[in-house]
Structure formats: C-alpha cells, structure tokens
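# Understanding the architecture of this molecule
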Amino acid sequence: MPREWTRSVLARTIDHTVLKAIATEQQVRELCVEARANGFASVCVNPYWVPLCARELAGSKVVLCAAVGFPLGADATAVKAEAAKLAARQGAQELDVVINVGAAKSGDWRAVEDDLREVVKAAGKAAVKAVLETCYLNDAEKARACEAAGKAGARFVATGTGFGPEADAVEDVRLVRKIVGDRMGVKAVGGIRSYHDAIKMLEAGADRLGTSAGVTIICELPE
C-alpha cells in the first residue's frame with residue numbers, strides 16, 4: 001500500500017455509507033452528492049434506496065453498493081438471493097452480504113458456503129463482499145469464514161456490519177489479510193471516524209473502508 005496518501009487515492013478506498021434505519025431520502029441524496037464530489041469508491045445503502053442512488057450516480061465513476069441480509073445474515077438463502085438479484089437488476093454493482101453467522105457459530109461451514117454461493121450466483125456481474133461479522137467469531141472461525149467466502153465466489157471479505165459490538169478492528173483486518181493473502185479484497189468496517197483511523201486500517205491490509213465519515217476523513221488529510 002502507498003505510504004503517501006493523496007486525496008484522490010484515499011478517496012478511492014472509501015465506501016461512503018448510510019445504513020441506519022432512520023436515513024431519509026435527503027440524507028441518501030446528500031450521500032451521493034458527497035461521493036461524486038470527493039471521488040469515493042462507492043456509496044453503500046440499504047436495498048430500498050438502490051433505484052434512487054442509481055439515478056443520482058448515473059454518469060459518475062462511483063460504484064453503487066447494496067447491503068444484503070443486513071445486519072444479522074439470518075435471512076433464508078432464497079430471500080438473500082432474490083434480494084441480491086433485484087438489487088443488481090436495479091443498478092447495484094457491488095453487494096455487501098452478511099454471512100449466516102448463526103451457521104458459522106454452529107460449525108456448519110457447508111451452510112455458510114452454500115448460502116453465499118447462491119447469492120453470488122444470483123448477483124450476476126455484481127461483486128459480492130462477504131461480511132463476516134468478526135466481532136462474533138474466534139480466530140479459527142474467522143479463518144473458516146474466509147475460506148467459505150472464497151470458495152463461494154465472493155470477491156471481498158468485510159470485517160463487519162458496523163452494527164455489532166466493536167472489536168479490535170485493526171487486528172481483525174491484519175488477520176483477515178493474512179488469511180486471504182492477495183486472493184481477495186479486504187474491507188474494514190467499524191470505528192473508522194478519522195483520517196488516522198483510516199490509515200491504520202489501510203496499513204493493516206484493507207483495500208476498502210466502510211464508513212459514514214468519508215468527508216471528515218478526506219478533510220483531515222494533511223496538506
């Protein structure tokens with residue numbers, strides 16, 4: 001990863017995110033305006049907002065990402081797959097999909113893998129990021145979850161949803177990067193509120209940063 005972070009390079013790591021239940025149409029529109037103005041990698045929203053964001057981002061290089069199975073990952077596989085298919089049809093180019101955490105904690109790794117594989121299949125050309133929710137997993141489970149995500153065809157693993165309890169996100173990023181090597185992208189989520197938070201995650205091995213503080217992070221970039 002580069003040591004000297006320019007505004008444009010840093011911006012292209014940011015998934016500018018609004019996933020709260022109380023997010024309004026105006027807030028989602030502003031999210032898109034900010035993403036376009038700052039050249040962020042993507043905006044990440046709940047599926048309801050995908051058609052609006054597709055219109056707002058038309059003609060830009062900002063990718064549209066939809067959250068699927070948020071935040072629990074406990075939807076039936078068919079529901080997740082249908083949500084992924086619909087979001088992709090409506091314009092989502094990336095999908096952040098929460099794994100079946102309960103199956104993972106039960107040691108049913110076949111179920112975790114099969115669940116993700118069906119979503120990947122339904123997503124078509126849209127890239128799937130498997131959200132591991134590492135705050136609930138021990139290190140051995142994190143390794144198995146990464147393995148399942150890779151076998152299922154996910155292109156990224158993400159550490160969490162941002163809705164679970166805060167864990168040592170930097171260490172989780174470092175561990176996940178060690179596990180997946182250069183075979184998959186790594187997205188860091190949780191506690192990324194400042195430029196210094198962002199740099200710590202990137203230096204630990206993250207390719208993408210899921211945060212609602214993208215504008216703050218860019219503005220804090222040293223001159």
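Predicted model only: the values in this text are computed from it and were never measured.

Looking now at the sheet that holds strand β7 (residues 185-189). Strand order in this closed barrel of eight strands is β1-β2-β3-β4-β5-β6-β7-β8, and the pairing throughout is parallel. Ignoring strand direction, the axes of neighbouring strands in this sheet form an average angle of 25°. Pairing analysis gives five bridges linking strand β4 (residues 94-98) to strand β5 (residues 127-131), with the strands arranged parallel. Residue pairing for β5: Glu94 is matched across the bridge by Ala127.

A separate point is the pairing of strand β3 (residues 63-68). For β3, the tally of buried residues reaches six of six residues, placing the bulk of the element in the interior. Side-chain alternation along β3 places Val63, Cys65 and Ala67 on one buried face and Leu64, Ala66 and Val68 on a second face that is also buried. One ladder, built from four bridges, connects strand β2 (residues 42-45) with β3; its direction is parallel. Pairing of Val45 across the sheet is with Ala66, part of β3.

Here we take up the pattern of salt bridges. Inspection of every chain in the model, using the stated rule, returns 20 salt bridges. A salt bridge links Asp172 to Lys142, with the shortest nitrogen-to-oxygen separation between them at 2.6 Å. Within this pair, whereas Asp172 is found in helix α8 (residues 169-180), its partner Lys142 is found in helix α7 (residues 139-152), the two being separated by 30 residues in sequence. Taken as a pair, Asp172 and Lys142 share a single burial class, namely buried.

Definitions and cut-offs
- Residues numbered from 1 in each chain as written.
- Predicted model: local features only at pLDDT ≥ 70, side-chain atom pairs only at ≥ 80, totals over all residues.
- Heavy atoms only, no water.
- Pairing = 2+ DSSP bridges.
- Helix = DSSP H or I, 4+ residues; strand = E, 2+ residues; numbered from the N terminus.
- Axes fitted to C-alpha atoms, helices over the stretch in contact; angles between N-to-C directions.
- Buried < 20%, exposed > 50% of the residue type's maximum accessible area, 1.4 Å probe, protein only.
- Salt bridge = Lys/Arg side-chain N within 4 Å of Asp/Glu carboxyl O.

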